[in-house]
Amino acid sequence: MRPIILVPVIVALGVASAAPEDPAFRDKIQPILQNNCAGCHSGPKAQAGLSVTNLAELLKGGKRGPAISPGQAGRSLIMQFVRGEKNPRMPIGGKALPESLIAELEAAIDSMKAVGETTVAGKDHASWVFSPPVAPKVPALRGASSIANPIDAFVLSKLEQQGFAPAPPASRRVLLRRVYFDLIGLPPTEAEARAFLEDPAANAYEKLVDRLLADHRYGERWARHWLDLVRFAESDGFAIDGERPTAWRYRDYVIRAFNNDKPYDVFVQEQLAGDEMQRKPAVRGGQIENEGILALGFLRMGPWERDANFDAQLRLDWLNEMTGTTTQAFLGLTVGCARCHDHKYDPIPQKDFYRMQAFFASTRIDERPMPFLESEGRLEMRQQVRRLEDELEVAQEQVKSVERQLQAKLKEGNSLQKALADKDSPLLTVGDRKRHKDATEQVQRLTLDLARYQPIAYSVNEVAPPAVMDIEPTFVLAGGERSAKGASVEPGFLERIVGKSEAAKIGYAGRYRSGRRQALAEWIASPANPLTARVMVNRIWQHHFGEGLVRTPSDFGMNGDRPSHPELLDWLATQFVEKKWSVKAMHRLMLTSNTYRQSTRHPEAKQIAESDPENRLLSRMNWIRVESEVLRDSILAISGGLNRQAGGPGMFFRVKDEVAQGFQMFKWYPSDEKAQLRRSIYAFQRRSLPMPLMEVFDAANMSESCSRRSVTTVAPQALTLLNGELTAVEAQRFAARVIELAGADPVQQINKAFALALLRPPTGAELERARTLYEGRRPEEALARLGTVLFNLNEFVYLE
């Protein structure tokens, strides 16, 4: 049985597709390309695999990807090459195209329409983006049997316009696996699978969705999406990459927020102004609970160059990064592109960047004292601290004891510290040095562990009074340079949204609070803000369907993707607000639609792909490769090794000694074997040392906001999944589990292995091929090999 390792099961071009008969292509673009490019780019031996003979070929593209992005000349590779923005300039070996011809080509590409690209109420894209969403009328269709909720009506309306029908429903087994991985990031157990597959109730699926939304593992799954977005890490980055011992408390705050279905508007406000919000805090266990201080970790998650020589520049870099990330994460706009000059594509002048930055002018970084909350397990945290303190005291005494013994071996007048420092000194044996090293490293390890349990929040604060009354002014900086100060600006919202450039009205919040961040948080989280609800429901849709309705989830601007279903996006945004910003309500709405429950296979796939190769019309479900964390966690769950301990400081995975020794600020001490089997979200997130499996399978870059992970297919993935330590160890554990559950019969063992890994029995051919693994091998070895094969199958790595 050969594993089909990571073969892309569907081509995702990543650009908008256009109808083949687009008049802009026929009348303007094709003649230019035919006269200037077809000599090299046509026929079976077209250069770089790119043919310009028809629109379908251009949309498919060559070695560098799709050549045209309809409606977006700036993103079209063909324009970048004819302008000379990419090398070599085209046409290669000839004269550059005249500027007039380049302008004509650019205008024609911009005028093209993508399949599904429409406007709402006659608005162009800019007008739509910067206008508050209004709930459109749900389309009335004849095919009511295909409609489970209004989402289906919007999708079917677009399909009918193109003469297409939706794909048939996915099988129950496929749907079960899909929704489990979507909501909790783990496969169902055999018992869970059986309970759903044998449930005759008409609402069996709806009950399953509700049960998974109530599962605490849901928060662990969906927090990971948010942590990508906010560039979560537990170290500073840059050369030193020092540890942030209690940054994990922000991670756990996010997990609790999703599990508790914290209203998204509150979630936003807490992360921007949790210390300034005027609201009644929750009371748990007789104690006041205010998570706002922990939530402010969002503003501290960016990289920080601890050894920077210029504090003023370091602070400016922090303010710049914080302003850009805030607007990307919550508003889906690249406001950071206006730091040095007016935005090149969106109506965002440079002064707006600095007006937004001015909301943070009174803010400073701070590690704030913050007692552990009841929701964090206050009692368990205190017990852990006492245990570590006791162990540290014993370890320190052990160091003293060892040093007294070693000093006694030395002649009077000889320094123990000098003898230890001199590796060639004959005064101490190798055993002596190892005893001392082991004892001192235990002290270092416990000291680091204890620091991670301190009641400190990695957070921000206001500048100390009375400075809060006299905040340092913010200036527009020419070219973004600190020394090139222009006009001073006051805090203000984006002019294109609010329609004016006046300073924002800020109520003074008290002696220790400027109220600036609260004013910003309230504006972003307002139902009247045109972007906040749209951006978040688009992110939720993206993680359920593989692509957002806007496929550039952090760029809704002019250089971003156009929405495939703008009316649907507006309807979802208005529903989000009506349902009191409940994220779980949005899950239910999307997951119970027939659109989500479609099969990935369509009987007319070939015909539909000719005009909609990217599946922008949602005629079927997309194939989705599971993320690196989900892949690792699934292997652990199926092998029986997964440690389900939740919350608290992260675990440190095992690394090579030379790697562990190479850090300047603190040594890397791997956690014990049991702790290393925790879910991947609880792995310590060090910017300079990602977990190897995470890195090779496209985990997020922890140094910048990641709204959409790359999905690559490269050789190291196959090598890692076939030959890596995780696979080797867990395949053996998997084999032992199968034997324990299935007994000694090889056929029963093979059936059990398939049931655990894939939720189905093997086919006849698979069974026969699996039985050959037993020839000349012990059952444990045969099953370990079978486990390795199953972990490498596309069926395991991808969701149908």
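Everything quoted here is computed from the prediction, not taken from an experiment.

### Observations regarding the overall build of the protein chain
Right, so step 1: For the protein chain, the count of helices and strands is 33 helices and eight strands.
Right, so step 2: Scaling as 2.2 N^0.38, a compact globule of 800 residues should have a C-alpha radius of gyration of about 28 Å, and the protein chain matches this with 29 Å.
Right, so step 3: Taking the principal axes of the C-alpha coordinates as reference, the protein chain spans close to 95 × 80 × 65 Å.
Right, so step 4: Within the protein chain, contacts between residues separated by at least 24 positions form 73% of all contacts whose residues are at least 6 apart in sequence.
Right, so step 5: Surface accessibility of the protein chain: about 34,800 Å² in total, with carbon and sulfur atoms responsible for 52%.
Right, so step 6: The positive charge centre, built from 105 side chains, and the negative charge centre, built from 100, are 1 Å apart in the protein chain.

### Here we look at helix 10 (residues 217-229)
Right, so step 1: A large share of helix 10 lies buried, amounting to 13 of its 13 residues.
Right, so step 2: Of the residues flanking the end of helix 10, it is arginine 231, one or two places downstream, whose phi is positive at about 55 degrees.

### Looking at the pattern of salt bridges
Pairing of side chains with opposite charge becomes possible as their charged atoms draw close.
Right, so step 1: Applying the stated criterion across every chain yields a total of 55 salt bridges.
Right, so step 2: Between arginine 224 and aspartate 228 there is a salt bridge, with the nearest N and O atoms lying 3.0 Å from each other. Taken together, the residues span about one helical turn, with arginine 224 and aspartate 228 both in helix 10 at a distance of four residues. Both residues of the pair, arginine 224 and aspartate 228, belong to the buried class.

### A closer look at the packing of aromatic side chains
Right, so step 1: One pass over the full model with this rule turns up 27 aromatic pairs.
Right, so step 2: Where tryptophan 226 meets tyrosine 264, the ring centres are 6.2 Å apart and the plane angle is 85 degrees; that geometry is what we call edge-to-face. A residue pair is termed long-range when its members are at least 10 positions apart, and tryptophan 226 in helix 10 and tyrosine 264 in helix 12 (residues 264-273) qualify at 38 residues.
Right, so step 3: Residue classification places tryptophan 226 among the buried positions, given a relative accessible area of 3%.
Right, so step 4: Their ring planes at 45 degrees and their centres at 6.2 Å tell us that tyrosine 264 and phenylalanine 267 sit as a pair that is tilted. Of this pair, tyrosine 264 and phenylalanine 267 both sit in helix 12, three residues apart, which is roughly one turn of that helix.
Right, so step 5: Members of the aromatic cluster, connected to one another through ring pairs, are Tyr218, Trp226, Phe232, Tyr250, Tyr253, Phe258, Tyr264, Phe267, Phe298, Phe330, Phe576 and Trp581.
Right, so step 6: Seen from the ring of tyrosine 682, arginine 678 lies directly overhead, with NZ or CZ sitting 4.5 Å from the centre.

### Regarding the environment of glutamate 291
Right, so step 1: Structurally, glutamate 291 can be placed in the loop between strand 2 (287-289) and helix 13 (292-295).
Right, so step 2: Its relative accessible area of 10% is what places glutamate 291 among the buried residues.
Right, so step 3: For the pair formed by glutamate 291 and leucine 373, sequence separation is 82 residues and the distance between their alpha carbons is 8.2 Å.
Right, so step 4: In this view, glutamate 291 contacts Tyr253, Arg256, Lys262, Leu373 and Ser375; residues no more than four positions away in its chain are not counted.
Right, so step 5: In terms of polar contacts, glutamate 291 uses its side chain to reach the side chain of arginine 256, at 2.7 Å.

### A short note on the confidence of the model for the protein chain
Right, so step 1: Mean pLDDT over the protein chain: 90, with 92% of residues reaching 70 or higher.
Right, so step 2: This stretch, residues 1-20, has a pLDDT under 50; its non-local contacts, to residues over four places away or in other chains, come to 76 contacts.

### Let's talk about the pairing of strand 4 (residues 456-462)
Right, so step 1: Within strand 4, six of the seven residues are buried, which leaves it mostly tucked inside the rest of the structure.
Right, so step 2: Bridge count for strand 3 (residues 363-369) against strand 4 is seven bridges, and the pairing is antiparallel. Counted as the bridge partner of arginine 368 is alanine 457 from strand 4.

### A few points about unusual backbone geometry
Right, so step 1: Residue asparagine 87 is joined to proline 88 through a cis peptide bond whose omega torsion reads -5 degrees.
Right, so step 2: Note that proline 88 resides in the loop between helix 3 (77-82) and helix 4 (99-111).
Right, so step 3: One non-glycine residue, arginine 231, lies in positive phi territory at about 55 degrees.
Right, so step 4: Phi is positive for tryptophan 581, which is not a glycine, with a value near 60 degrees.
Right, so step 5: Position of tryptophan 581 relative to the elements: it lies in the loop between helix 22 (566-578) and helix 23 (583-591).

### What to know about the state of the cysteines
Right, so step 1: Under the definition given, this model contains zero disulfides.
Right, so step 2: Unpaired in terms of disulfides, cysteine 37 finds its nearest cysteine sulfur in cysteine 40, a separation of 8.7 Å.
Right, so step 3: Taking relative accessible area as the criterion, cysteine 37 reaches 15% and is therefore assigned buried.
Right, so step 4: Of all cysteine sulfurs in the structure, the one in cysteine 337 sits closest to cysteine 706, which takes part in no disulfide; the separation is 16 Å.

### Concerning helix 22
The periodicity of an α-helix, 3.6 residues per turn, causes residues three or four places apart in sequence to face the same way.
Right, so step 1: Taking 1.5 Å as the rise per residue, helix 22 with 13 residues should run 18 Å; its terminal C-alpha atoms sit 18 Å apart, in good agreement.
Right, so step 2: In terms of residue burial, helix 22 counts as a mostly covered element, since ten of its 13 residues are buried.
Right, so step 3: Taken together, the buried positions of helix 22 are occupied by Pro566, Leu568, Leu569, Asp570, Trp571, Leu572, Ala573, Thr574, Gln575 and Phe576.
Right, so step 4: Tucked inside the fold, the buried residues of helix 22 contact helix 5 (125-129), helix 6 (150-161), helix 12, helix 21 (532-545) and helix 23.
Right, so step 5: One or two steps after helix 22, the chain reaches lysine 580, where phi turns positive at roughly 60 degrees.

### So, the nonpolar core
Right, so step 1: The biggest cluster of nonpolar side chains holds 122 residues, and the ones touching the most others in it are Val179, Leu183, Trp226, Tyr250, Tyr264 and Leu572.
Right, so step 2: Of the residues forming this core, the biggest block, eight residues, is contributed by helix 14 (residues 311-331).
Right, so step 3: The residues that make up this core include at least three from each of domain 2 (172-216 + 534-619) and domain 3 (260-371 + 468-524).
Right, so step 4: Setting aside residues up to four positions removed in sequence, valine 179 forms contacts with Tyr205, Leu208, Val209, Leu212, Leu591 and Tyr596.

### Things to note about the environment of leucine 767
Right, so step 1: Checked against the element boundaries, leucine 767 lands in helix 31 (residues 764-771).
Right, so step 2: In this structure leucine 767 touches Val747, Ile750 and Pro762, once residues within four positions along its chain are discounted.

### Thoughts on the side chain of arginine 217
Right, so step 1: With respect to the element layout, arginine 217 can be found in helix 10.
Right, so step 2: If sequence neighbours within four positions are ignored, arginine 217 has contacts with Leu183, Ile184, Leu186, Glu192, Arg644 and Arg679.

### What about the packing of helix 22 against helix 23?
Right, so step 1: At a closest axis distance of 9 Å, the pairing of helix 22 and helix 23 adopts a crossing angle of 140 degrees. One element, helix 22, and the other, helix 23, form an angle in the oblique class. Along this stretch, helix 22 crosses helix 23, giving a crossing that reads as right-handed. Contact residues: Trp571, Leu572, Gln575 and Phe576 in helix 22; Val583, Met586, Leu589 and Met590 in helix 23.
Right, so step 2: When grouped by side-chain class, the residues that make up the contact of helix 22 with helix 23 number seven nonpolar, one polar and no charged.

### A few points about the environment of alanine 525
Right, so step 1: Inspection of the secondary structure puts alanine 525 in the loop between helix 20 (516-524) and helix 21.
Right, so step 2: Classification of alanine 525 by relative accessible area gives buried; the value is 6%.
Right, so step 3: Sequence spacing of alanine 525 and tryptophan 581 is 56 residues, and the spatial spacing of their C-alpha atoms is 9.8 Å.
Right, so step 4: Those residues in contact with alanine 525 that sit more than four places away from it in its chain are Asp265, Val268, Gln269 and Trp581.

Reading guide: rules and limits
- Residues numbered from 1 in each chain as written.
- Predicted model: local features only at pLDDT ≥ 70, side-chain atom pairs only at ≥ 80, totals over all residues.
- Heavy atoms only, no water.
- Helix = DSSP H or I, 4+ residues; strand = E, 2+ residues; numbered from the N terminus.
- Rg over C-alpha atoms; globule rule 2.2 N^0.38 Å.
- Contact = heavy atoms within 4.5 Å.
- Areas by Shrake-Rupley, 256 points an atom, 1.4 Å probe, with all protein chains shown as cover.
- Lys, Arg positive; Asp, Glu negative; His and termini not counted.
- Charge placed at Lys NZ, Arg CZ, Asp CG, Glu CD.
- Buried < 20%, exposed > 50% of the residue type's maximum accessible area, 1.4 Å probe, protein only.
- Salt bridge = Lys/Arg side-chain N within 4 Å of Asp/Glu carboxyl O.
- Phe/Tyr/Trp six-rings, centres within 6.5 Å; stacked < 30°, edge-to-face > 60°.
- Lys NZ or Arg CZ within 6 Å of the ring centre and 35° of its normal.
- Polar contact = N/O pair within 3.5 Å; in protein donor to acceptor, adjacent residues only side chain to side chain.
- pLDDT = per-residue confidence, 0-100.
- Pairing = 2+ DSSP bridges.
- Disulfide = S-S within 2.5 Å.
- Expected span 1.5 Å × (residues − 1).
- Core = buried A, V, L, I, M, F, W, Y, C linked by side-chain atoms within 4.5 Å.
- Domains from an automatic or database assignment.
- Axes fitted to C-alpha atoms, helices over the stretch in contact; angles between N-to-C directions.
- Parallel < 35°, antiparallel > 145°, perpendicular 65-115°, else oblique.
- Left-handed = near helix turned anticlockwise from the far one by under 90°.
- Nonpolar A, V, L, I, M, F, W, Y, C, P; charged D, E, K, R; others polar.

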